[in-house]
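Structural overview for review
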Amino acid sequence: MHRSAPRLSRILACAAVPVMLVVAGCSSDSGDTKEAAASSSPSAEKTEPAVEPAKFTSLPDACTALGKKTIEDLVPKAKSKGGTPGRSSDTASRGGCSWNGLDDNGVKGSQYRWLDVGYTRFDSDQSLGSGAARATEEYTKQVAKAQATEGAEKTDAKPVTGLGEQATAVTYGLTKSKEDFAYATVVARTGNVVVSVTYNGAGFAGAKTPASSDVLKDAQKAAKEAVAAVGTDGDAENASDAPSPKASASSSDKAGDKS
């Protein structure tokens, strides 16, 4: 009987080993499960910052963007005083209008003028960028296109101040049908809209070609009006929501009477 006691102790000890290992194994598995769960849990997705909203949501009518007096001065004897609208399937994004006319002075010769106003608007897009950034790219392209006009002579490009966020004037000479034309193209960007004004003139039947400086001056005049026309509808809507100066003055008077 005394010899069987140690043997029984050894059997119990051996039997306890697997139980401890199983417990340890379960504890280890529990830790791995927690780690696996933590690693598989969805992390907070990184979101890109929203692009800046487009400043302008519509375009003005290019044919009414310039004053009647401006059209009369720049294009005397215009064939259509109301202008010829450009073709566009999306007038909210693109618009244009042109005028041309021949001022016939008989034996003194004739003066021909041509004026074109164009608008291009860009919306903000998360994948493409803000409307202003996209308009800046288009602005650069249009300036480069004007500078690369086929057959142009004495091309010159200079920045223009006071026209939107940025503006460039490109002047050059061009010979067409054996007549010398003086050209000026002004490209400007205001917010998410690109404004392009091209003006040219020539003298026929012995009349002199207009000076490049005069053509440029007139083109800048037209460009100033064209840029100012952008957003006028939106400004009018905002203005309608705000009290008028007269209304404010009236309210102040009433308040004074009550006091």
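Residues numbered from 1 in each chain as written. Predicted model: local features only at pLDDT ≥ 70, side-chain atom pairs only at ≥ 80, totals over all residues. Heavy atoms only, no water.

Examining helix α4 (residues 212–228)
- Between its terminal C-alpha atoms α4 stretches 24 Å, which fits the 24 Å expected from 17 residues at 1.5 Å a residue.
- Every buried residue of α4 is accounted for by V215, A219, A222, A223, A226 and V227. Relative to the axis of α4, the buried residues are bounded by an arc of 135 degrees and lie together on one face. Along α4, the residues that are exposed and aim more than 90 degrees away from the buried face are S213, K217, K224 and A228.
- Contact partners of the buried residues in α4: α2 (68–74), β3 (110–121), β6 (179–190) and β7 (193–204). (Helix = DSSP H or I, 4+ residues; strand = E, 2+ residues; numbered from the N terminus. Expected span 1.5 Å × (residues − 1). Buried < 20%, exposed > 50% of the residue type's maximum accessible area, 1.4 Å probe, protein only. Arc of directions from axis to C-beta. Contact = heavy atoms within 4.5 Å.)

Remarks on the pattern of salt bridges
- The full count for this structure, using the stated rule, is 5 salt bridges.
- The partner of K77 in a salt bridge is D103, and the shortest N-O contact between them spans 3.5 Å. In this pair, K77 sits in the loop between α2 and β1 (84–85) while D103 sits in strand β2 (residues 94–104), placing the two residues 26 residues apart along the sequence.
- Note on K77: relative accessible area 57%, which makes it exposed. (Salt bridge = Lys/Arg side-chain N within 4 Å of Asp/Glu carboxyl O.)

A few points about the nonpolar core
- Membership of the largest hydrophobic core comes to 35 residues, with the highest contact counts inside it found for L66, W99, L115, Y119, L163, V195 and V197.
- Elements represented by at least two residues in this core include exactly α2, β2, β3, β5 (166–176), β6, β7 and α4.
- In contact with V197, not counting residues within four places along its chain, are L115, D116, V117, A184, T185, V186, A219, A222, A223 and A226.
- Judged by nonpolar contacts, the second largest core, of 14 residues, contains F122, A135, F181 and V187. (Core = buried A, V, L, I, M, F, W, Y, C linked by side-chain atoms within 4.5 Å.)

A few points about the confidence of the model for the protein chain
- For the protein chain, per-residue confidence averages 81 on the pLDDT scale, and 72% of positions sit at 70 or higher.
- Here residues 14–28 scores under 50 on pLDDT; set against residues more than four positions off or in separate chains, the count is 0 contacts. (pLDDT = per-residue confidence, 0-100.)

As for the state of the cysteines
- In total, this model carries 1 disulfide according to the counting rule given.
- Sulfur-sulfur distance for the disulfide between C63 and C97 comes to 2.1 Å. Judged by the sign of its S-S torsion, about 95 degrees, the cystine formed by C63 and C97 is right-handed. You can see C63 sitting in the loop between α1 (4–40) and α2 and its partner C97 sitting in strand β2, a full 34 residues away along the chain. With respect to burial, C63 and C97 carry one shared label: buried. (Disulfide = S-S within 2.5 Å.)

Description of unusual backbone geometry
- Not every positive phi belongs to a glycine, and K154 is a case in point at roughly 55 degrees.
- K154 sits in the exposed class, given a relative accessible area of 81%.
- Located in the positive-phi region is A205, a residue other than glycine, with phi close to 55 degrees.
- With respect to the helices and strands, A205 occurs in the loop between β7 and α4.
- For A205, a relative accessible area of 59% translates into the label exposed.

Observations concerning the pairing of strand β4 (residues 153–159)
- In this structure, β4 lies alongside β5, joined through 5 bridges in antiparallel fashion. Note on β5: the bridge partner recorded for D156 is T171.
- Hairpin remark: β4 followed by β5, antiparallel, with 6 residues in the connecting loop; positive phi at G162, about 85 degrees. (Pairing = 2+ DSSP bridges.)

Digging into the pairing of β6
- The buried count for β6 comes to 10 of 12 residues, which makes it a mostly enclosed element.
- Note: β5 against β6, 11 bridges, orientation antiparallel. Its bridge partner lying in β6, K176 is registered against E179.
- Where β5 folds back onto β6 in an antiparallel hairpin, the turn is made up of 2 residues, including S177, whose phi is positive at roughly 50 degrees.
- Bridge count between β6 and β7: 10 bridges; the pairing is antiparallel. Counterpart to V186 in the pairing with β7 is V197.
- Here β6 folds back onto β7, and the loop between the two strands holds 2 residues, one of which, G191, carries a positive phi near 60 degrees.

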